[in-house]
Amino acid sequence: MKIQATEISEIIKQKISDYESAIDIAEVGTVIQASDGIARVYGLEKAMAGELLDFPHGVQGMILNLEEDNVGVVLFGEYEKIAEGDTVKRTNRIASVPVGDGMIGRVVNSLGEAIDGRGAIATTETSQVERIAPGIIDRQPVCEPLQTGIKAIDAMTPIGRGQRELIIGDRQTGKTAIALDTIINQKGGDVTCIYVAIGQKRSTVARVVDELKDSGAMEYTIVLSASASESAPMQYIAPYVGCAFGEYFRDNGRHALIVFDDLSKHAVAYRQLSLLLRRPPGREAYPGDVFFLHSRLLERAAKMSDARGGGSLTALPIIETQAGDISAYIPTNVISITDGQIFLENDLFNSGVRPAVNVGTSVSRVGGAAQITAMKKIAGSLRLELAQFRELEAFSQFGSDLDKATQFQLKRGRRLVEILKQDQFQPLPVEYQVLIVHAATTGRLDDMPSASVESYERQLHTLFETEHRDLMAELRDTGKLSDELKEKIDAVLDAFGESFNAV
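Residues numbered from 1 in each chain as written. Predicted model: local features only at pLDDT ≥ 70, side-chain atom pairs only at ≥ 80, totals over all residues. Heavy atoms only, no water.

*Asks:* Help me understand the nonpolar core in this model?
*Replies:* A general tendency of soluble globular proteins is for nonpolar side chains to be buried together. Counting 77 residues, the largest nonpolar core has Ile183, Leu212, Tyr456, Phe464 and Ile489 as its most contacted members. Among the elements that line this core, the one with the most residues is helix 13 (residues 430–441), at eight residues. Residues within four places of Phe464 in sequence aside, it is in contact with Tyr432, Leu435, Arg469, Leu471, Met472, Ile489, Val492 and Leu493. By size, the runner-up hydrophobic cluster in this structure holds 57 residues, among which are Met103, Ala267, Ala301 and Leu313. (Core = buried A, V, L, I, M, F, W, Y, C linked by side-chain atoms within 4.5 Å. Buried < 20%, exposed > 50% of the residue type's maximum accessible area, 1.4 Å probe, protein only. Helix = DSSP H or I, 4+ residues; strand = E, 2+ residues; numbered from the N terminus. Contact = heavy atoms within 4.5 Å.)

*Asks:* Teacher, can you tell me more about the packing of helix 13 against helix 15 (residues 469–478) here?
*Replies:* A pair of packed helices is captured by two measures, namely the crossing angle of their axes and the spacing between those axes. In contact at an axis separation of 9 Å, helix 13 and helix 15 are set at 110° when each is read in the N-to-C sense. The angle between helix 13 and helix 15 places the two elements in the roughly perpendicular class. Mapping the contact onto sequence places Glu431, Tyr432, Val434 and Leu435 in helix 13 and Met472, Leu475 and Arg476 in helix 15. Among the residues making up the contact of helix 13 with helix 15, the classes are represented as five nonpolar, no polar and two charged. (Axes fitted to C-alpha atoms, helices over the stretch in contact; angles between N-to-C directions. Parallel < 35°, antiparallel > 145°, perpendicular 65-115°, else oblique. Nonpolar A, V, L, I, M, F, W, Y, C, P; charged D, E, K, R; others polar.)

*Asks:* Help me understand the sheet that holds strand 12 (residues 221–226) in this model?
*Replies:* Through backbone hydrogen bonds, the strands of a sheet pair up, either in parallel or in antiparallel fashion. Here eight strands make up an open sheet; going across it, the order is 8-12-11-13-14-10-15-16 and the pairing mixed. If you trace the sheet from one side to the other, it starts and ends with strand 8 (107–108) and strand 16 (363–364), each paired once. Alignment of strand 11 (residues 191–198) against strand 13 (residues 255–261), held across seven bridges, turns out to be parallel. The partner of Ile194 across the bridge, within strand 13, is Ile258. Strands strand 8, strand 11 and strand 12 of the sheet are contacted by helix 4 (residues 202–214), whose axis makes an angle of about 175° with strand 12. The strands touched by helix 8 (residues 329–337) are strand 10 (166–169), strand 14 (312–320) and strand 15 (340–344); relative to strand 10, the strand with the most contacts, the crossing angle is about 155°. (Pairing = 2+ DSSP bridges.)

*Asks:* Honestly, a nonpolar patch on the surface in this entry has me stumped. Any pointers?
*Replies:* Where nonpolar side chains cluster on the molecular surface, the patch consists of Ile8, Ile12 and Ile16 and spans about 290 Å² of accessible area. Mapped onto the elements of the fold, Ile16 is located in helix 1 (residues 5–18). (Patch = residues over 30% accessible without salt bridge, like charges linked within 9 Å, V, L, I, M, F, W, Y side chains within 5 Å. Areas by Shrake-Rupley, 256 points an atom, 1.4 Å probe, with all protein chains shown as cover. Salt bridge = Lys/Arg side-chain N within 4 Å of Asp/Glu carboxyl O.)

Keep in mind these values describe shape, not function.
Written out as structure tokens, the structure reads:
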């Protein structure tokens, strides 16, 4: 068989026309040092701060330091496998994580990967881990309450949607319990919750997840765990990743609540990274930008303007103090960034007052704007009376004779302390909080033994649940205690008080 020259030329022309050049151009560098979750990479002159890098063995890193002849990188994953001489590739993209409704009900790590054994997360959208906080024009003032279900907070230090309220206190004083109660209280509402555990024991995180499941709260909650056994880079990035989850809901006109538990351990993880990266240490060996570390995180919590959808992201950062010292470096930093603080006191906790909220030190800088009208109306005198009670209680311990007015204030104060006590994981609807606070501030408990207050409150709730649901429904729906409604409630309270005292 003869091959024609024309056939050969046709085949060559066809091959030439079909040829596609597939050249893979990538900027690569070389690891010159790797240890303790940190790598120094040479040869990436055009790299960006915060950019993701691909290392061998599926490990990723994020650039934190840009130096003259190398970049400092924090490593995520099995950083022990990275060695000197390894080749590193640029990705040309800033660190990002998957976001979306598919994350709800899942337990994830700091990279947004599922760690609950339920398979991969079905979501297609991603969001940058570090984002600039919304500007002034894009926000609106906090004006909508976010109910915690805790009487001592909703009555005196209210939290609004878009607010940043710090929960601060010594270890084992009930900080996490307040945050979990707030999450549980959102059941049946329109708020998606994110719980970020930073530097916690894995057993503690497992207990939190079980409690949320038992309460039915995992149906609207994302749990992000960067446990104590994980590397400092994973703990450092965790709150920013959690914030990215929350921003997805905020920017889509929805409402989200994020708990950072806790930012003290986050600051410690960042200090470790900074010292390993040879950044100059400052006060308590923290780097100079430790304030910026938390301010750029918490500023992302906001109530968006109506033009931007009206969504909100509310933040509850937690800080652990040492021996009640709120004037230490990290506590003062975070207090100055947030819109108020709930201070939990060791002495109150040990004396049986739980939640152990110190009324004098706790404050909400949003105030009545984050309360329903009914609560604002009846709780105005509550904080003042409690503060006066604390002062008189300390004075009365000297055993001097007390006049009748002082004795009356002490008696009233003890009843107020009793009504603010509340069991863990039992948040109370706001209309029932208004009911018991109204009963106490109008003197209906003054002549009752302190030991009977709990029983009085329990029976009162049962009475209104079974026989006067219409009054509670009106209070809940309107949020106002009109003169007509107040008269009806007062009549029921008076009748109930007579029958209760008769027993």
